[in-house]
Amino acid sequence: MHADPFQLGPLADITATEFHAPLNLGASTPVQQMHWLRKMIEIRCAEEKIGDEFGKKVIKCPCHLVIGQEAPAVGMADHIRDGDRVFGAHRSHAHFLSVGGTLHQLLAEVLGKDTGCSRGMGGSMHLLDRAHNFHGSVPIVGATIPIATGAALAAQMDRRGEIAVSFLGDGATEEGVFHESLNFASRFKLPVIYVVENNLFSSHLHISLRQPFDSTCRFAHAHGVAWQRVDGNDIVAMSAAAGQAIAAARTGQGPQLIEAVTYRWRGHVGDREDNDVGVARKEGLVEWKKRDPIGRLARAMIAAGHLAETQLERITAEYRDAVEAAWAQASADPYPANETLFSRVYAPNPA
Amino acid sequence: MTNYGSALREGFAYLLKNHPEVFTIGQGLWSPWYVGNSMTHLDKDFGPERVIDTPVSELATTGAALGAALSGKRPIVIHPRVDFFLLGVDQLVNQAAKWRHMFGGQVSVPLVVRAIINRGGEQGAQHSQALHAWFAHVPGLRVVMPSTVADARDLLIAATLGDDPVMLIDDRWLYELEADLPPVNPALRLADVKPRVERTGTDVTLVACSYSSQLCRLAAETLTKEGIFAEVIDLRVINPLDTSAVAESVRKTGRLLAVDGDWSTCGLAGEVIASVAEKLPPTVFKSAPRRITLPDAPAPTSKPLEKAYYFDSTHVAAAARQLLGRS
């Protein structure tokens, strides 16, 4: 556990070059490393495609791209099992894909197609895949924090060792409901893990313009919630932290908070990098790209002899092709029928 | 005889006894006095794990109940005053009411929020509001306003066992109302609960919900003695709002008086009048429809101002007489 819950320290310091180095693979296995690599590449390829099509105005719904911060979702998903309940927010494509949602269901959803994960009624900001334990993402900031807390309350009542996960951003820690939820979860010792993906920005505003300190761990500390801070661009560290927090929650040790420090490469919404919007991001972005979670893993795997350069290119090409195939299928799929405007407002009431 | 408050408690006891997936959560549930007699000692009978008193966190509590509702439970959230529930509204309006629709019908939210109108007694502007028209504005949210002893119990049960989010608002001024309770009908579905013609009449249609329905019943008694026969319709559920029974009644009486213990502008009474007017040819109306509501001002505090602010059954009767051209 980091000593200071108030300050991110070197993790947020763009001059700290130690975060450019290949990852320390620790005790992870080559199979595990390959899974991480493939999943993060899949997510990035999907996001790049969505960004391209958004830029061309083929995709029209607001899309919040996760490029650069793929690792926290993938690391958490390592430890999710059936019966657990994962909730996302506005930037949740990675959360959806990391637990097992398909490229086709995601792309169809952002196109508003009937074959999408939310039957074309949600778009990018309302994703669902209950078969893979993903129980919903919504863009009202902070809204799924108490919902995940309540899923943990139900899990505690059911006594099957299930847990809930709430993915949120640093902006959501400024909502009152975050604090209400941490207090509530701590009071009832609920099996919930709050994963704060602290990418230092909420929309255009840097955290230094929103909060007096840059680490959100201090809120966990205040509510008696166990916390860990990790390099959110280090999949090895992220998966280890996730495993530790989830195991603690499963065994009745109460709520956990993981602050994963990361950075988004694109703007708040859409495909652009937004270097010209609000606070200057340009210098930070150049440095943060040197902390690329995929590049750092790949270089470590190559150094360890677990990956060849040509193999990396092949994997990337494979996922680009998979994305294109899913895109072609989603583009040809039908939109929801007009009657769906009304047919799901209330539960069916068969005679 | 059972009173309205005890009937609510019977509804909770029935649900907690027969449905292990039901629990209730909110502020004051371990206090014997906080929500009238409607939940007394439920925690002792069913345990603090299923009758949960909470931190002072309306939004987290409502959201947590929603999360539990997505996870196989049927929670009933208690807000001892509607006014305080405004701190929790995002979870009901942005979330609960929309999850089925925006996730393509794959999600059910069997969540009940029970909030209480608790006014009078010089409590002032922040302890007196009704606000049901706000909630009835939202598609996907069923809004239930029981006005009888039996409905207090039975609509709570039907709301909890249904698969939609429900805002159930009861009025503290009804708690002493007494009636005999029939056995519970476990098959009652909220979607089948329609407005009820409580009293048939030929001269004027009085339509209301909750405590205002009780005022209409009392006014109709008075009017009968004067040879004016009022038809009284209790709406019971105000979203989705079904005014077909009201239109049929007005087709017969030609006169419509909508009564509502809430503000007038964009309110329930105006909505009832508009939707009935759309359903009927203008020649049906023997006089222009009328509404009685609270004045468009926050509630006052002092006793004399409260007397001027709230209407009672004599105001309802007087307005009905005016519709008939009598004074």
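Heads up: the structure comes first, above all this text.
Residues numbered from 1 in each chain as written. Chains lettered and ligands numbered in written order. Predicted model: local features only at pLDDT ≥ 70, side-chain atom pairs only at ≥ 80, totals over all residues. Heavy atoms only, no water.

## Structural notes on the overall build of chain A
Within chain A, the regular secondary structure consists of twelve helices and eight strands. Relative to the 2.2 N^0.38 estimate, which gives 20 Å for 351 residues, the radius of gyration of chain A is 20 Å and therefore close to what a compact globule would have. Seen through its principal axes, chain A has C-alpha atoms that stretch 60 × 50 × 40 Å. For chain A, with 351 residues in total, the buried portion stands at 60%. Of all intrachain contacts in chain A linking residues separated by at least 6 positions in sequence, the fraction that spans at least 24 positions is 76%. Looking at chain A as shown, the accessible area adds up to about 13,200 Å², and 55% of this sits on carbon and sulfur atoms. Here chain A holds 34 positive side-chain charges and 40 negative ones, and the gap between their average locations is 2 Å. (Helix = DSSP H or I, 4+ residues; strand = E, 2+ residues; numbered from the N terminus. Rg over C-alpha atoms; globule rule 2.2 N^0.38 Å. Buried < 20%, exposed > 50% of the residue type's maximum accessible area, 1.4 Å probe, protein only. Contact = heavy atoms within 4.5 Å. Areas by Shrake-Rupley, 256 points an atom, 1.4 Å probe, with all protein chains shown as cover. Lys, Arg positive; Asp, Glu negative; His and termini not counted. Charge placed at Lys NZ, Arg CZ, Asp CG, Glu CD.)

## Focus: the packing of aromatic side chains
One pass over the full model with this rule turns up twelve aromatic pairs over all chains. Taking 4.8 Å as the distance between ring centres and 80 degrees as the angle between the ring planes, the aromatic pair formed by A:Phe6 and A:Phe213 counts as edge-to-face. You can see A:Phe6 sitting in the segment before α1 (30-55) and its partner A:Phe213 sitting in the loop between β6 (205-206) and α7 (217-222), a full 207 residues away along the chain. The class for A:Phe213 is partly exposed, based on a relative accessible area of 30%. Pairing A:Phe184 with A:Phe188 gives two aromatic rings, centres 4.9 Å apart and planes at 55 degrees, and the pair type is tilted. Linking A:Phe184 with A:Phe188, this pair stays in helix α6 (residues 176-188), spanning four residues, or about one helical turn. Using a relative accessible area of 1% as the deciding quantity, one classes A:Phe184 as buried. Under the relative-accessibility criterion, A:Phe188 is labelled buried at 13%. Members of the aromatic cluster, joined through ring pairs, are B:Trp173, B:Tyr211, B:Tyr309 and B:Tyr310. (Phe/Tyr/Trp six-rings, centres within 6.5 Å; stacked < 30°, edge-to-face > 60°.)

## Remarks on the sheet that holds strand β13 (residues 256-260) of chain B
Residue and element names in this part refer to chain B. Here we have five strands laid out as an open sheet, ordered β9-β11-β10-β13-β14, and mixed in their pairing. Each edge of the open sheet is held by one strand with a lone partner, namely β9 (196-199) and β14 (290-293). Taking each pair of neighbouring strands and ignoring which way they run, the sheet shows an average axis angle of 25 degrees. By the bridge criterion, three bridges tie strand β10 (residues 204-208) to β13 in an arrangement that is parallel. By the bridge assignment for β13, Leu206 is matched with Leu257. Its contacts with the sheet place helix α9 (residues 210-225) against β9, β10, β11 (230-234) and β13, and it is angled at close to 165 degrees to β11. Seen against the sheet, helix α10 (residues 244-253) touches β10, β11 and β13 and runs at an angle of roughly 160 degrees to β10. (Pairing = 2+ DSSP bridges. Axes fitted to C-alpha atoms, helices over the stretch in contact; angles between N-to-C directions.)

## Quick look at the interface of chain B and chain A
Contact with chain B, which involves 46 residues of that partner, is made by 43 residues of chain A. The three residues of chain B that bury the most area against chain A are B:His101, B:Phe103 and B:Gln106, which together make up 17% of that side's buried surface. For the interface between chain B and chain A, the tally reads one salt bridge. The partner of A:Asp158 in a salt bridge is B:Lys73, with the nearest N and O atoms 2.5 Å apart. Connecting chain B to chain A are 19 residue pairs in polar contact (both at pLDDT 80 or more). Residue assignment for the side of chain B that touches chain A shows that the elements contributing at least two residues are β2 (22-26), β3 (51-53), α3 (58-69), α5 (89-96) and α6 (99-102) of chain B. The biggest single contributor to the side of chain B that touches chain A is α3(B), with nine residues. (Buried area = accessible area lost by both parts, 1.4 Å probe. Salt bridge = Lys/Arg side-chain N within 4 Å of Asp/Glu carboxyl O. Polar contact = N/O pair within 3.5 Å; in protein donor to acceptor, adjacent residues only side chain to side chain.)

## Some words on the side chain of B:Asn118
Considering the arrangement of structural elements, one finds B:Asn118 in the loop between β5 (112-117) and α7 (132-136). Apart from residues no more than four positions distant in its own chain, B:Asn118 is found in contact with B:Pro80, B:Arg81, B:Gln123, B:His127, B:Ser128 and B:Arg172.

## Remarks on the sheet that holds β3(B)
Residue and element names in this part refer to chain B. The strand order across the open sheet built from seven strands is β3-β2-β4-β5-β7-β6-β12, with neighbouring strands paired in mixed fashion. Two strands lie at the open edges of the sheet, namely β3 and β12 (237-239), each paired on one side alone. Strand-to-strand twist across the sheet, computed as the mean angle between neighbouring axes with direction ignored, equals 20 degrees. Alignment of strand β6 (residues 142-144) against β12, held across two bridges, turns out to be antiparallel. If you follow Val143 over to β12, its bridge partner there is Asn239. Together, β2, β3, β4 (74-79), β5 and β7 (166-171) form the strand contacts of helix α1 (residues 4-18), whose direction differs from that of β2 by roughly 130 degrees.

## Section: the packing of helix α5 (residues 144-158) of chain A against α3(B)
Direction vectors running N to C along α5(A) and α3(B) enclose 55 degrees, while the axes themselves pass 6 Å from each other. Relative to α3(B), α5(A) is oriented oblique. Both α5(A) and α3(B) take part in a crossing whose hand is right-handed. Where α5(A) abuts α3(B), its residues A:Pro146, A:Ile147, A:Gly150, A:Ala151 and A:Ala154 lie against B:Leu59, B:Ala60, B:Gly63, B:Ala64, B:Leu66, B:Gly67 and B:Ala68. (Parallel < 35°, antiparallel > 145°, perpendicular 65-115°, else oblique. Left-handed = near helix turned anticlockwise from the far one by under 90°.)

## Remarks on the nonpolar core
Counting residues in each nonpolar core, the largest one holds 83 residues, and the members touching the most others are A:Leu257, B:Trp99, B:Leu111, B:Phe135 and B:Met167. Leave out the neighbours within four places in its chain, and B:Trp99 touches A:Phe87, A:His135, A:Gly136, A:Val138, A:Thr144, A:Ile147, B:Leu70, B:Val107 and B:Val109. Among the nonpolar cores identified, the runner-up in size contains 65 residues, and A:Leu23, A:Leu65, A:Leu297 and A:Ala326 belong to it. (Core = buried A, V, L, I, M, F, W, Y, C linked by side-chain atoms within 4.5 Å.)

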